[in-house]
Amino acid sequence: MYVDSEVSRLRTVLLHRPSAELARLTPRNNDSLLFDGIPWVSRAQEEHDAFAEALRSRGVEVLYLGELLAETLTLPEARAELTAGVLSARRLGDSLRATVAGYLADQDPDRLGEILVAGLAHEEIKSGGGGLVYEMMDRHDFVIDPLPNLLFTRDSSVWVRDRVAVTSLAMRARRRETTLTHAIYRHHPRFAGTELLFDPSLEHVEGGDVLVLAPEVLAIGVGERTTPAGAERLAQRVIAAGLAHTVLAVPIAQERATMHLDTVCTMVDVDAVVMYPNLAHSLQAWTVTAVGDELRVGAPRPFLEAAAEAMGIDRLRVIDTGLDPVTAEREQWDDGNNTLAIAPRLCVAYERNVETNAQLERAGIEVVRISGSELGSGRGGPRCMSCPIQRDPLR
């Protein structure tokens, strides 16, 4: 496992194939579960399968989070840890907690993994031993909440060279996601010996805000999901571990369309980004370095200038999203900037962002187009849906 850039040849990636958790979304709960619409589940699965196949056809090993979770749950320690996590919810009360504990104990690892992802509905527990809490719940309520945003595997973990940061998700609807990734990285044999840089108990940082711009250079977006304290904590840890000499803290607007740094900017070549033009020349960065054991924070500078200097290049090329303001805004909303690099000058993007993809190709970037009409309802593109675990070293 090794990642030292956003664009070097991708070898292994972690995805989550959407399943029953998407079918839990209704007009009654989609807002609280952070989806802008109700996706057509079978079509979303078809789109995701095509995404995975596009990666495999270019030599990328695809790991599925659900399969890793089921394998992890065969280990008694991991099973006890994850079961205790869902049973610790204070809203359950003693009677319902005991009922749920018995129900979960009866499940095999595959089914238990499904429940931890898709949740457990009130009506799925037929026992009458749930007590007052169970009786007073609406029949449409969940005893264990579903995790439809698990689709976006980028957010719950980030690899920096040979270490992984299991992040701390800001939104209540997503916080349990990291209990699953945390358990997988700590218990699954595939990741034996992996050192963790970060854990869910720390200040909020989300993977969509972390860009590995170059070996030893990170950019961390600060906005709706990642706090200044979270960015500082991660900067401290990567610099102290010798994984980075420079971290750029980049404030972004706290809005739905710009929830993460990778919704406005992703890398498509060693010296090029695709970027929302409204922000390209206004985005600022605070440069964080270290003197001895102390962090040093420089004055804010234009992001493009600070990034190029930290990366040791003359300039960072910018490929705009769209040519006119209306097109740019539309394609920004549809994750036009959220590309996944498979290799330098080769990326995956949603097919519907026609103008952005044309701009990329005019700049010499090969675009692998995928459908995302249903996948995009959670406001995430190819980069959001993928956590690179292994890339070739950039240098």
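Quick note: structure is the one above.
These lines cover the structure that appears in this document, whether it is placed above or below. Since this is a predicted model, take the numbers as computed values, not measurements. (Residues numbered from 1 in each chain as written. Predicted model: local features only at pLDDT ≥ 70, side-chain atom pairs only at ≥ 80, totals over all residues. Heavy atoms only, no water.)

**A look at the sheet that holds strand E5 (residues 157–160)**
Right, on to step 1. Read from one edge to the other, the open sheet built from 3 strands follows the order E5-E6-E7, with strand pairing classed as mixed. Both outer strands of the open sheet, E5 and strand E7 (195–198), are each paired with one neighbouring strand and no more. Strand-to-strand, the axes of this sheet are offset by a mean angle of 35 degrees, without reference to chain direction.
Right, on to step 2. Summarising the sheet, strand E6 (residues 163–166) and E7 pair through 3 bridges and their orientation is parallel. Its bridge partner being in E7, Arg163 is matched across the sheet by Glu195.
Right, on to step 3. Sitting on the sheet, helix H8 (residues 177–187) touches E5, E6 and E7, and the angle it makes with E6 is about 155 degrees.
Right, on to step 4. Packing of helix H9 (residues 228–240) onto the sheet brings it into contact with E6 and E7, and relative to E7 it is tilted by some 145 degrees. (Pairing = 2+ DSSP bridges. Helix = DSSP H or I, 4+ residues; strand = E, 2+ residues; numbered from the N terminus. Axes fitted to C-alpha atoms, helices over the stretch in contact; angles between N-to-C directions. Contact = heavy atoms within 4.5 Å.)

**Structural notes on the layout of surface pockets**
Right, on to step 1. One number sums up the size of the largest pocket: a volume of about 980 Å³.
Right, on to step 2. Arg91, Ile144, Asp145, Arg172 and Arg176 are, among the 33 residues lining the largest pocket, the residues nearest its centre.
Right, on to step 3. Sorting the residues of the lining of the largest pocket by element identifies helix H4 (76–87), strand E4 (142–144) and H8 as the ones contributing at least two each.
Right, on to step 4. Of the residues forming the lining of the largest pocket, the biggest block, 4 residues, is contributed by H4.
Right, on to step 5. Tallied by class, residues from the lining of the largest pocket come to 14 nonpolar, 9 polar and 10 charged.
Right, on to step 6. Counting only elements with at least two residues in the lining of the second largest pocket, the list comes to helix H1 (20–23), helix H3 (65–72) and helix H6 (109–118).
Right, on to step 7. For the lining of the second largest pocket, the per-class residue count stands at 6 nonpolar, 5 polar and 8 charged. (1 Å grid on protein atoms, 1.4 Å probe; cavity = no way out; pocket = protein on both sides within 12 Å on 5 of 7 lines; lining within 4 Å. Points joined across faces, edges and corners; volume = space filled by probe spheres on them. Nonpolar A, V, L, I, M, F, W, Y, C, P; charged D, E, K, R; others polar.)

**Regarding the pairing of strand E9 (residues 216–222)**
Right, on to step 1. Among the 7 residues in E9, 6 count as buried, and that is most of the element.
Right, on to step 2. Of the strand pairs in this sheet, strand E8 (residues 210–214) and E9 are connected by 4 bridges, and their pairing is antiparallel. Bridge assignment links Ala214 to a residue of E9, and that residue is Val217.
Right, on to step 3. Bridge analysis of E9 against strand E10 (residues 244–251) gives 7 bridges, and the strand direction is parallel. Bridge pairing in E10 places Gly221 opposite Val250.
Right, on to step 4. The parallel pair E9 and E10 is bridged by H9, and the resulting crossover is right-handed. (Buried < 20%, exposed > 50% of the residue type's maximum accessible area, 1.4 Å probe, protein only. Right-handed = clockwise from strand over helix to strand, strands pointing away.)

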